[in-house]
Structure formats: C-alpha cells, structure tokens
Amino acid sequence: MALKLSILDQSPIYEGETAEDALHHTVRLAQLAEELGYHRFWVSEHHDSDYVAGSSPEVLIAYLLAHTKHIRIGSGGVMLQHYSPYKVAENFNLLSALAPGRVDLGIGRAPGGLPRSTRALQHGIAEPQELPAKLRELQQYVDNKLAAEHPLYGLRATPLPAQPPKVYVLGTSTGSAEIAAESGYPYVFSQFINNDPEAARQAFEVYRDRFIPARGNEPTSILAVSAIIADTDEEAAELSTQHKLVKIHLQSGKTLTVANIEHAQEYGKQSNEPFTIEEQVPEIIKGSKETVRSRLLELQQTYGVEEIIITTALKSFASRVHSYKLLKEAFREAASSAN
C-alpha cells in the first residue's frame, strides 16, 4: 500500500516574527505542498496565544483554497465542543461549495487554548453537549438528513454543496478512537502530542475493532507525527534540539500539551486547581531523507496506516521548506528506483 504524505501547519509565531509573518508562511507552505504533490494540507485551531496565529481555521482555509488549485485543505482540527454544529456545518458547506471536493473537516476535542478562552468561546451556551452527540448532529447537517425527531427538523445548513466536506476525528487516546469508530469516521492519531507508541497501537486497534460502517466509509487510519528532515542525520539531530514538549497535569486528571513553560504556568493559574508541569524531550522523527523515509515506512507497517501527516516545527522558515522538499524527494527517488 502506497503511503500518502500530508502536512499539518500550526502557523507558529517565532521570536522576531509577527502573526502576519506566520500566516504568510502558512500560505507559502500550502502552495509548496501542492507543488510537491502532498495529499492534503491542514491548519490548526489555537486561541489567546502569542505563539500560534491560527485562531479561526475556517477563515484561514478559505484563504488557502483561494491561493491553491487542487490540493485538499482542511482543519486539524475544529474544536467542536465550543461551537454550534449547525454553524460549523454551514461554514464548511460553504467552503465545499466554493471548492468542490477539496475540503476536509477535522474535528478535535482539545480546548485549543487557555481556560479563559474556553469560557469566552462557550459563553452563553445554554445546552452543553458531549462530543459524540455534537458529531452526530454535525453530520446530519452536512448530509442534509436531520432526523425527523430532531426539534429543528426541516432546518438545512445551506448552501448544500454537491460534494460535502469530509469529516475526520482527531485524537490521542482510545476514547477518541471509539468516537471515530462508532460514528464511522476516518481517524487521525496525533502522535506528536501523545508520543506513547502503546497508546497509538491501542487506539488504532480499538478503532478497527469497533468501526461501524456509515455513509459508505471504510475504516481509514491516519497517523500525525512531528518530523525534521535535513541533509544529514547529524544536522537534523541538531535542529531537533530547538523544542521541548511541555505538559501540564491538573489535579482533576486532565493532561494537556502546551507551547512552553510560561504557557503551562498561565494555564494552571487560570484553571484554579493544583497542577504540575512536566518537560519532556519531544518524540521527533529526524534524520536525512533516507533515514526519515525508512522510519515512516516502519510506522506505516507498525500501525497499519495509509497516510502520515507531518508537522515540522523549525524556527527557520527556510529550514521548514527544505525539510518538506527533502521528504518528498526521498519518496520520489524510491519510487523511481522501484520502476
């Protein structure tokens, strides 16, 4: 099975850069991804942050669709717990009408920001719902098949595109895998957030074992990883030292991955509960193009995935571009030598 390669860009704002710089880089990376033949390009959702610029993925997706021609563009992901499923369906139906067959709607359940941004996003919500219920309602709107027993039966999320957006569930645990399986959605495990190989293995196993076919879907397993590709293994190892993985553990049992120590401290303060902070060396697939290609193929076999989404966090935009170019070059060369 040929391995599809895709990109997730989080529009990082590095020291000395502005949000405008970060978003310009995201646009250029989307265009580069299309030029190089990557399968899809996704953007993330983060709120109240000085470190990432993508607070509204649907707005950014619209701009990226207008500045590319054929690559699939989507969200990695929309944090549905903050929003009305009806409004999310309207947004992505409109995007799909503008760019038929090119729009992905990835759904996540992380907060996407500090506690105060969560309170702001959910301010005035009178009927909180769990994510599975919101997903079901979202898909009914996207399919224009609102259940007859729904109190809003007859409502449509217009416009109704010929090719609705494709919905994906993103996660880092067996809980998200169960949601994806029982809803019949493709599943993306974000290993760059949860780097426990056993957690990934269990999540994919649960997903395949419990998958309930829906809307003609077959189980689709996708892995999202952090990777750095350079001209040599040594250079990639040096570049990988730029980042640390910071986690905050709340007394209530919740664990979140955040941008840095300062962000973790602010999150803990706003949570109004005891917390601890853990700093780890991130799990980054790194090396020359041959080294990384070999490792990605190993992961494909280990987890039985058909696609790997790459996020590359490098402070130098030129190094990021070079990394993505080298990766596609490695797979092109291997395909040529096999023919």
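See the structure printed just above.
Quantities reported herein were computed from a predicted structural model and do not represent experimental measurements.

A.B. asks: Would you explain the packing of aromatic side chains in this entry?
C.D. replies: Any two aromatic rings considered together are summarised by their centre-to-centre distance and by the angle between their planes. Scanning the entire structure with this criterion turns up eight aromatic pairs. Ring centres of Tyr86 and Tyr141 lie 5.1 Å apart, and the angle between their planes is 65 degrees; on these two criteria the pair is classed as edge-to-face. Of the two residues, Tyr86 sits in helix H3 (residues 85-98) while Tyr141 sits in helix H5 (residues 131-143), which places them 55 residues apart along the sequence. The buried category is assigned to Tyr141, whose relative accessible area is 2%. An aromatic cluster of three or more residues is present, and its members are Tyr187, Phe189, Phe204, Tyr207, Phe211 and Tyr303. Geometry around Phe331 places Arg293 over its ring, the cationic atom sitting 5.5 Å from the centre. Between Lys328 and the ring centre of Tyr38, over which it is positioned, the NZ or CZ distance is 5.3 Å.

A.B. asks: I keep staring at the sheet that holds strand S8 (residues 245-250) and nothing clicks. Help me out?
C.D. replies: Taking strand neighbours across the sheet as the criterion, the three strands line up as S9-S8-S10 in an open arrangement whose pairing is antiparallel. Of all strands in the sheet, those bounded by a partner on one side alone are strand S9 (255-258) and strand S10 (275-280). Within the sheet, the average angular offset between the axes of one strand and its neighbour, ignoring direction, is 25 degrees. Taken together, the four bridges between S8 and S9 define a ladder with antiparallel strand orientation.

A.B. asks: Explanation requested: unusual backbone geometry in the structure shown.
C.D. replies: Negative phi values dominate among residues other than glycine, just as trans dominates among peptide bonds. The peptide bond linking Gly76 to Gly77 adopts the cis configuration, its omega dihedral lying at 5 degrees. Tracing the sequence through the fold places Gly77 in strand S3 (residues 72-79). Going from Thr158 to Pro159, the amide bond is cis rather than trans, its omega being 0 degrees. Its location among the elements puts Pro159 in the loop between H5 and strand S5 (166-171). Even without a glycine there, the phi angle at Asp48 is positive, about 55 degrees. Mapped onto the fold, Asp48 is located in the loop between strand S2 (40-43) and helix H2 (57-66).

A.B. asks: Sorry, what's going on with the environment of Lys325 here?
C.D. replies: Assignment of secondary structure puts Lys325 in helix H11 (residues 317-338). Given a relative accessible area of 39%, Lys325 falls into the partly exposed group. Separated by 95 residues in sequence, Lys325 and Ala230 place their C-alpha atoms 9.7 Å apart. Apart from residues lying up to four places away in sequence, Lys325 is in contact with Leu32 and Leu36.

A.B. asks: Where do I start with the pairing of strand S1 (residues 4-9) in this structure?
C.D. replies: It is a general feature of regular strands that their side chains alternate between the two faces of the sheet. Burial runs high along S1: five of the six residues are buried. Inspection of the sheet shows S1 paired to strand S12 (residues 307-311) by four bridges, in the parallel sense. Across the sheet, residue Lys4 finds its bridge partner in S12, namely Glu307.

A.B. asks: When you look at the pairing of S3 in this model, what are you seeing that I'm missing?
C.D. replies: Most of S3 is tucked away: eight of the eight residues are buried. By the bridge criterion, four bridges tie S2 to S3 in an arrangement that is parallel. Within the sheet, the bridge partner assigned to Trp42 lies in S3 and is Gly74. Between the parallel pair S2 and S3, the chain is carried across by H2, and the sense of this crossover is right-handed. For S3 and strand S4 (residues 103-108), the ladder comprises six bridges, and the chain directions are parallel. Looking at the pairing, Ser75 lines up with Leu105 of S4.

About the cut-offs
Residues numbered from 1 in each chain as written. Predicted model: local features only at pLDDT ≥ 70, side-chain atom pairs only at ≥ 80, totals over all residues. Heavy atoms only, no water. Phe/Tyr/Trp six-rings, centres within 6.5 Å; stacked < 30°, edge-to-face > 60°. Helix = DSSP H or I, 4+ residues; strand = E, 2+ residues; numbered from the N terminus. Buried < 20%, exposed > 50% of the residue type's maximum accessible area, 1.4 Å probe, protein only. Lys NZ or Arg CZ within 6 Å of the ring centre and 35° of its normal. Pairing = 2+ DSSP bridges. Axes fitted to C-alpha atoms, helices over the stretch in contact; angles between N-to-C directions. Contact = heavy atoms within 4.5 Å. Right-handed = clockwise from strand over helix to strand, strands pointing away.

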